[in-house]
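Secondary and tertiary structure notes
One-letter residues, chain by chain:
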Amino acid sequence: MKITNKTNFLTTIAILIITCLLLSIETKAETQVQDNIEADTTWTQSGSPYIVNTSITVQPGVTLTIEAGVSIKFDSGVSLNIEGTLEADASNGNSITFSSNAESASIGDWGGIRFDENDGGTLNNCVIEYADIGIYIYRSSPTISNCTIHHNNKGIRIFNSGSPQITGCTIRDNVRGVEVENLFWDPPQPVVTGNSISSNSEYNYCVMMGGFEWNTTVLDARNNWWGSIDPDVIASTIHDYTEHDCPDCEHLAVVDFTGFLDGPEGNPITATDTGETYLMGGTWEDTTLSGNYYVPTSYQVQSGHTLTIEAGSMIKFADGALLRVCEGGTLTAGNVDGGLVIFTSSESEPGIGDWGGIRFDENAGGTLNNCVIEYADIGIYIYRSSPTI
């Protein structure tokens, strides 16, 4: 009897040891990836981590689905190229991680995720880190939400046409947070809103031009946290048309950071401490202004839009800022029966040349009636257009 009990006890211990070993082996399991994805595929938690040894492509018409909690690690220089669809949605679970396979990870270890022309997908609750370009978007419009994109050379790069939606993300500790470049006549139109974009060492948002100038385009970067509540500080982290000490920047698009937040997931700041409403970026539709406004960088009336400024309004401009009426845009300010519309410097002791002035581009239109334009470099600049003053 004693021998039987002892045998049963030893058998039980052996089973427990074997079970633990099997569990340990399963926990440490990993999946090596070397081949392109040529059929609909799902990467699961049970196969995680996935080690990608060479650059792979999700082929056209094919979907790669990645479950919540999965970790993907990439060898040096390796990229994940999307010519089909990537669905990495961890909205209902632990985040999905795209990272370096190096023992001691560093910026630029692997290539990044690349969405090619007309391809799509979703990245939701993902971490993208230690890549050269975390997410490269070429003429495509993926949805990127609630992701942490950090420790990359470039967090997100958007090149040429496409309208990716980027919301609820934390984009920080990269060299450049968001980079947008145009080459041809169909510029990219990303919507970057509700994010935290800060502490990127060179620029939080960088606009570039590879071919056609696109300085009549306004890029939507409204309602983000930029690491500061000072619009001048925010503007210094954005490289675009409004950068005054940059001769080539006059060819670049304008980044509209209206409604900048007072903290991560915070509330929009819409007015200065003295009550002037912030005016930055440009028009998104026909717009009417009434009251007192402050322009910290520049503001432009886009083609097809009319900006109406009601009598009695005052617009103050920061150093170098200007009001630009683009080709096909219209500015209508004041009327003979009301109070003055005043365009002036924001300086406490204003002087000649404080701000840029009002500029009418080729084939722009408008009327300035009963207005005061003072302390500008060029009060009204008219280029191949015929406004009424």
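Structure: see above.
Below is a short write-up of the structure. None of these values were measured; they are calculated from a predicted model. (Residues numbered from 1 in each chain as written. Predicted model: local features only at pLDDT ≥ 70, side-chain atom pairs only at ≥ 80, totals over all residues. Heavy atoms only, no water.)

Quick look at the pairing of strand 12 (residues 126-129)
- Burial along strand 12 is two-sided: Cys-126 and Ile-128 facing one way and Val-127 and Glu-129 facing the other are all buried.
- Relative to strand 12, strand 9 (residues 96-100) runs parallel, the two sharing 3 bridges. When the sheet's bridge partners are listed, Ile-96 is paired in strand 12 with Cys-126.
- Summarising the sheet, strand 12 and strand 15 (residues 148-150) pair through 3 bridges and their orientation is parallel. Among the inter-strand pairings, Glu-129 is bridged to a residue of strand 15, identified as His-150. (Buried < 20%, exposed > 50% of the residue type's maximum accessible area, 1.4 Å probe, protein only. Helix = DSSP H or I, 4+ residues; strand = E, 2+ residues; numbered from the N terminus. Pairing = 2+ DSSP bridges.)

Comments concerning the environment of Asn-182
- Among the secondary structure elements, Asn-182 is positioned in strand 19 (residues 176-182).
- With a relative accessible area of 1%, Asn-182 lands in the buried category.
- Sequence separation of Asn-182 and Leu-261 is 79 residues, and the distance between their C-alpha atoms is 27 Å.
- When near neighbours in sequence (up to four residues on either side) are disregarded, Asn-182 contacts Asn-160, Pro-187, Pro-188, Met-208, Met-209, Gly-210, Gly-211, Phe-212 and Trp-214. (Contact = heavy atoms within 4.5 Å.)

Here we look at the sheet that holds strand 37 (residues 365-368)
- Judged by pairing direction, the sheet is parallel, and its 4 strands sit side by side in the order 28-31-34-37 without closing on themselves. In this open sheet, the two strands that pair with only one neighbour each are strand 28 (287-289) and strand 37. Taken pair by pair, the neighbouring strands of this sheet meet at an average axis angle of 15°, ignoring direction.
- For strand 28 and strand 31 (residues 306-309), the ladder comprises 3 bridges, and the chain directions are parallel. Bridge pairing in strand 31 links Thr-287 to Leu-307. (Axes fitted to C-alpha atoms, helices over the stretch in contact; angles between N-to-C directions.)

Points about the nonpolar core
- In this structure, Trp-43, Ile-66, Ile-72, Phe-98, Leu-123 and Tyr-205 are the most contacted members of the largest nonpolar core, which totals 64 residues.
- Leave out the neighbours within four places in its chain, and Ile-72 touches Trp-43, Tyr-50, Val-52, Ile-66, Ile-96, Thr-97, Phe-98 and Ser-99.
- Among the nonpolar cores identified, the runner-up in size contains 23 residues, and Leu-307, Val-325, Leu-331 and Ile-358 belong to it. (Core = buried A, V, L, I, M, F, W, Y, C linked by side-chain atoms within 4.5 Å.)

Quick look at empty space enclosed by the protein
- One pass over the structure, following the stated rule, counts 1 cavity of 30 Å³ or more.
- In this model, the largest cavity occupies a volume close to 30 Å³.
- Taken together, Leu-279, Leu-289, Val-295, Tyr-299, Leu-307, Ile-309, Ile-315, Phe-317 and Leu-323 make up the lining of the largest cavity.
- Secondary structure elements with two or more residues in the lining of the largest cavity: strand 31 and strand 32 (314-317).
- When the residues that make up the lining of the largest cavity are grouped by side-chain class, the tally is 9 nonpolar, no polar and no charged. (1 Å grid on protein atoms, 1.4 Å probe; cavity = no way out; pocket = protein on both sides within 12 Å on 5 of 7 lines; lining within 4 Å. Points joined across faces, edges and corners; volume = space filled by probe spheres on them. Nonpolar A, V, L, I, M, F, W, Y, C, P; charged D, E, K, R; others polar.)

Here we look at the packing of aromatic side chains
- Following the criterion strictly, the structure yields 8 aromatic pairs and no others.
- Ring centres of Trp-43 and Tyr-50 lie 4.8 Å apart, and the angle between their planes is 15°; on these two criteria the pair is classed as stacked. The burial state of Trp-43 is the same as that of Tyr-50; both residues are buried.
- An angle of 5° between the planes, with centres 4.1 Å apart, marks the rings of Phe-74 and Trp-110 as stacked. Of this pair, Phe-74 sits in strand 6 (residues 71-74) while Trp-110 sits in the loop between strand 9 and strand 10 (112-115), and the two are 36 residues apart along the sequence.
- Its guanidinium or amino end placed over the ring of Tyr-136, Arg-114 lies 4.5 Å from that ring's centre, counting from NZ or CZ.
- Cation over ring: Arg-359 sits above Tyr-381, and NZ or CZ is 4.8 Å from the ring centre. (Phe/Tyr/Trp six-rings, centres within 6.5 Å; stacked < 30°, edge-to-face > 60°. Lys NZ or Arg CZ within 6 Å of the ring centre and 35° of its normal.)

Quick word on the layout of surface pockets
- Taken as a whole, the largest pocket spans an internal volume of roughly 790 Å³.
- Asn-215, Tyr-241, Glu-250, Arg-324 and Arg-359 are the residues nearest the centre of the largest pocket, which is lined by 29 residues in total.
- Contributing elements (two or more residues each) for the lining of the largest pocket: strand 33 (322-325) and strand 36 (357-360).
- The element contributing the most residues to the lining of the largest pocket is strand 36, with 3 residues.

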